[in-house]
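Here are the chains, one letter per residue:
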Amino acid sequence: IKNNKHSEVNTETENASEKVVQESELVADRDSEEVPQETQEKVTDTVGTESDRKSDTETPEASYADDFYISEIPDDIFAKMQGKSYKEDCTVPREDLRYVHVRHMGFDGEAKDGELVVNKAIADDVLAIFEELYKADYPIEKVRLVDEYDADDEASMSDNNSSAFNFRFISHTTRISRHGLGMAVDGKLSIEPANGADYVDRSKDFPHKIDHEDLCYKLFKEHGFTWGGDWTHSKDYQHFENNAGNP
C-alpha cells in the first residue's frame, strides 16, 4: 500500500512538471513569434531616416568647421615664417595677418589640406573663395606656405604652388607690394608657370587655364579682387590682388 501511494505521488509530480514545461514552451513560442514584415519595415525606415537626417545636418558642418577656418598666426607658424616671408625689415604687424586653413582638390583627384597667410582684411574672402572651389571639386595642385620654399617666389611658382603673404617692397621703391601686405594671392590654381611660353597665347586651349569664364576668376572677382590677366602694362595670369586700403 505504501509503495502504491509513493507511485501515485510520483505520477502527480511528473504530471505537474510536464505541465510547467508545456506552459514554458508556450510562452517561449509566443515570444519568438516573428514581427510582422510591415512593422519591421517601419522600424528600419525610421532608424534609417534618423541616421540619414543626422548625417545630412551634422557631418558636413562639422567637416567644414574642421577644414576651413581662420586664426591669428599660431606661434609655430610664426616661428617658421621668421627670416623668410616675415623678414627682419617687415613692417606689417603680426596682428594684421591671419592664418587660413583650407581643403582643396588636388590634380590627382584627392582632397588635401592647404594653408595660407593673408591680411586680416581679406581673410574671410579668401576662406570663402577656397571653400567654394573645394565644393566645386576645382583642381588646385598645392596650397603651401611660401616659407616651405624659403620665401622664394620663383621656386614656389615653379612648383605650381598657391601662396599669399611674402613681405617685400616693390622694386626700387619704399612701397610695400600687395603680397608684402598679405593682400594678394598668387593663385596657382591651374598650370600657369610664371615664365611658361606655352601659356602666353591665351587663345589656345590647355588644361586648367584661368580666363574670364573660369570659376576661380569669377569668385575672386566677386570678392573684390583684380586679376593680373587684365593688366595692360604686363600680364600676371596667376595673380589676384585686393586693393582695399591701397594708398
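Okay, so let's go over this structure.

## Section: the overall build of the chain
1) Next: A count of helices and strands for the chain gives 7 helices and 8 strands.
2) Next: Per-residue burial over the chain gives 36% buried out of 247 residues.
3) Next: Pairs at least 24 apart in sequence give 56% of the contacts found in the chain among residues at least 6 apart.
4) Next: When the accessible surface of the chain is summed, it comes to about 14900 Å², and 48% of that surface belongs to carbon and sulfur atoms.

## What about the side chain of aspartate 147?
1) Next: When you line up the elements, aspartate 147 lands in the loop between strand S4 (142-143) and helix H5 (153-158).
2) Next: For aspartate 147, which is buried and forms no salt bridge, the nearest opposite charge comes from lysine 84, at a distance of 6.3 Å.
3) Next: Here aspartate 147 is in contact with Lys80, Met81, Lys84 and Ser85, once residues within four sequence places are set aside.

## Regarding the sheet that holds strand S6 (residues 184-186)
1) Next: On the basis of which strands lie adjacent, the open sheet formed by 3 strands has the order S6-S8-S7 and antiparallel pairing. Lying at the two open borders of the sheet, with one neighbouring strand each, are S6 and strand S7 (225-227). Shown here is a sheet whose adjacent strand axes are inclined to one another by a mean of 20°, direction ignored.
2) Next: As paired elements, S7 and strand S8 (residues 239-242) share 3 bridges and run antiparallel to each other. Each bridged residue has a counterpart across the sheet, and for phenylalanine 225 the counterpart in S8 is asparagine 242.

## Observations concerning the nonpolar core
1) Next: With 29 residues, the main nonpolar core has Val102, Leu116, Val118 and Phe240 as its most contacted residues.
2) Next: Broken down by secondary-structure element, the contributors of at least two residues to this core are strand S2 (97-105), strand S3 (111-119), helix H4 (123-135), helix H7 (215-222) and S7.
3) Next: Considering every element that reaches this core, the biggest residue donor is H4, with 7 residues.
4) Next: With sequence-adjacent residues up to four places away left out, phenylalanine 240 is seen in contact with Met183, Ala184, Val185, Ile210, Cys216, Tyr217, Phe220, Phe225, Thr226 and Trp227.
5) Next: In this structure, Ile73, Tyr86, Cys90 and Val92 belong to the second largest nonpolar core, which totals 13 residues.

## A few points about H7
1) Next: Along H7, the positions that sit buried rather than exposed are Cys216, Tyr217, Leu219 and Phe220. Down the axis of H7, the smallest arc covering the buried residues is 165°, so these residues share one side.
2) Next: In this structure, the buried side of H7 is in contact with H4, S6, S7 and S8.
3) Next: A positive phi of about 85° marks glycine 224, the residue just after H7.

## Thoughts on the pattern of salt bridges
Pairing between side chains of opposite charge can happen when their charged atoms approach one another.
1) Next: Taken as a whole and judged by the stated rule, the model has 11 salt bridges.
2) Next: Among the ionic pairs, aspartate 159 bridges to lysine 142, the shortest N-O distance being 3.6 Å. Separated by 17 residues along the polypeptide, aspartate 159 in the loop between H5 and strand S5 (161-162) and lysine 142 in strand S4 bring together distant segments of the chain.
3) Next: By relative accessible area, which is 26% here, aspartate 159 ends up partly exposed.
4) Next: One salt bridge in this structure joins aspartate 159 and arginine 144, with 3.7 Å as the shortest N-O distance.

Parameters at a glance
- Residues numbered from 1 in each chain as written.
- Predicted model: local features only at pLDDT ≥ 70, side-chain atom pairs only at ≥ 80, totals over all residues.
- Heavy atoms only, no water.
- Helix = DSSP H or I, 4+ residues; strand = E, 2+ residues; numbered from the N terminus.
- Buried < 20%, exposed > 50% of the residue type's maximum accessible area, 1.4 Å probe, protein only.
- Contact = heavy atoms within 4.5 Å.
- Areas by Shrake-Rupley, 256 points an atom, 1.4 Å probe, with all protein chains shown as cover.
- Lys, Arg positive; Asp, Glu negative; His and termini not counted.
- Salt bridge = Lys/Arg side-chain N within 4 Å of Asp/Glu carboxyl O.
- Pairing = 2+ DSSP bridges.
- Axes fitted to C-alpha atoms, helices over the stretch in contact; angles between N-to-C directions.
- Core = buried A, V, L, I, M, F, W, Y, C linked by side-chain atoms within 4.5 Å.
- Arc of directions from axis to C-beta.

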